[in-house]
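So you can see what is in the structure, the chains are spelled out below.
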Amino acid sequence: MDVSGCSPERLKSLAVLVALFEELIVLMELKVVGQPQWHVFPEPGGITGLTLLAESHLSIHTFPEHGFAALNVYCCRPRVCPDFPALLARHLGAQSSHVRELVRGVKA
């Protein structure tokens, strides 16, 4: 997902991003493996986060100076898709969310 028009303060808030990941994990019934990893860049930078899942991974890269975030929800099994635009508007203040879904699978 490419998320634009976000609140710069929310994109710099580790607590906001942790809450976003926690909600995604619950809504999509994902299984976390190990501890999430977060890197907070010095001003004016944002945050990069990664959570390893039994299903694959969640990752985010935020760019508060541009009001932009790139979010990846990678799952190797079909999952219920939450209303991503509403979720991102609520957590990040996003005005625009471009969601792309790539269907992947092993061809036997």
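Residues numbered from 1 in each chain as written. Predicted model: local features only at pLDDT ≥ 70, side-chain atom pairs only at ≥ 80, totals over all residues. Heavy atoms only, no water.

- By the naming in an unreviewed UniProt entry, the chain goes by S-adenosylmethionine decarboxylase and is assigned to Stigmatella ashevillensis.
- Per UniProt, the chain has the following entry under Cofactor (unreviewed entry): "pyruvate". (UniProt positions renumbered as here; feature names shortened; annotations may be inferred.)

### Examining the pattern of salt bridges
At step 1: Applying the stated criterion to the full structure yields five salt bridges.
At step 2: With its nearest N and O atoms 3.4 Å apart, the salt bridge here joins Glu 9 to Lys 12.
At step 3: Residue Glu 23 is joined to Arg 90 by a salt bridge in which the shortest nitrogen-to-oxygen separation is 2.8 Å. Here Glu 23, found in helix α2 (residues 14-27), pairs with Arg 90, found in helix α3 (residues 84-92); they are 67 residues apart in sequence, far enough to count as distant.
At step 4: Three or more residues joined by partner-sharing salt bridges are found here, namely Glu 9, Lys 12 and Glu 43. (Salt bridge = Lys/Arg side-chain N within 4 Å of Asp/Glu carboxyl O. Helix = DSSP H or I, 4+ residues; strand = E, 2+ residues; numbered from the N terminus.)

### Looking at the nonpolar core
At step 1: The biggest cluster of nonpolar side chains holds 22 residues, and the ones touching the most others in it are Val 3, Leu 20, Leu 24, Ile 60, Leu 71, Leu 88 and Leu 92.
At step 2: Where this core is concerned, the elements lending two or more residues are α2, β4 (56-63), β5 (68-75) and α3.
At step 3: The greatest single-element share of this core, amounting to five residues, is contributed by α2.
At step 4: Here Leu 92 is in contact with Val 3, Cys 6, Ser 7, Arg 10, Leu 11, Val 16, Leu 17, Leu 20 and Ala 69, once residues within four sequence places are set aside. (Core = buried A, V, L, I, M, F, W, Y, C linked by side-chain atoms within 4.5 Å. Buried < 20%, exposed > 50% of the residue type's maximum accessible area, 1.4 Å probe, protein only. Contact = heavy atoms within 4.5 Å.)

### Considerations on the sheet that holds strand β6 (residues 96-98)
At step 1: Strand order in the open sheet made by the six strands is β2-β3-β4-β5-β1-β6, with antiparallel pairing throughout. The sheet is open, and its two borders are formed by β2 (37-40) and β6, each paired with just one other strand. Taken pair by pair, the neighbouring strands of this sheet meet at an average axis angle of 10 degrees, ignoring direction.
At step 2: Inspection of the sheet shows β4 paired to β5 by eight bridges, in the antiparallel sense. Note that in β5 the partner of His 57 across the bridge is Tyr 74.
At step 3: Packed on one face of the sheet, α2 meets β2, β3 (47-52), β4 and β5 and runs near 150 degrees to β4.
At step 4: α3 contacts β1 (2-4), β5 and β6 of the sheet and is inclined by roughly 135 degrees relative to β5. (Pairing = 2+ DSSP bridges. Axes fitted to C-alpha atoms, helices over the stretch in contact; angles between N-to-C directions.)

### Focus on α2
At step 1: For α2, built from 14 residues, the straight-helix expectation of 20 Å at 1.5 Å per residue is met to within 8% by its first-to-last C-alpha distance of 20 Å.
At step 2: Turning to α2, its buried residues are Leu 17, Leu 20, Phe 21, Leu 24 and Ile 25. Projected down its long axis, α2 shows its buried positions confined to an angular sector of 135 degrees, all on one face. Facing away from the buried surface of α2 by more than 90 degrees, the exposed residues are Ala 15 and Val 26.
At step 3: On the buried face of α2, the contacting elements are α1 (8-11), β2, β3, β4, β5 and α3. (Expected span 1.5 Å × (residues − 1). Arc of directions from axis to C-beta.)

### Points about the layout of surface pockets
At step 1: There is about 730 Å³ of room inside the largest pocket.
At step 2: What lines the largest pocket is a set of 22 residues, and nearest its centre among them are Val 73, Tyr 74, Arg 100, Glu 101 and Leu 102.
At step 3: A total of six residues in the lining of the largest pocket trace back to one element, the largest contributor, which is β5.
At step 4: Grouping the constituent residues of the lining of the largest pocket by class yields 14 nonpolar, two polar and six charged. (1 Å grid on protein atoms, 1.4 Å probe; cavity = no way out; pocket = protein on both sides within 12 Å on 5 of 7 lines; lining within 4 Å. Points joined across faces, edges and corners; volume = space filled by probe spheres on them. Nonpolar A, V, L, I, M, F, W, Y, C, P; charged D, E, K, R; others polar.)

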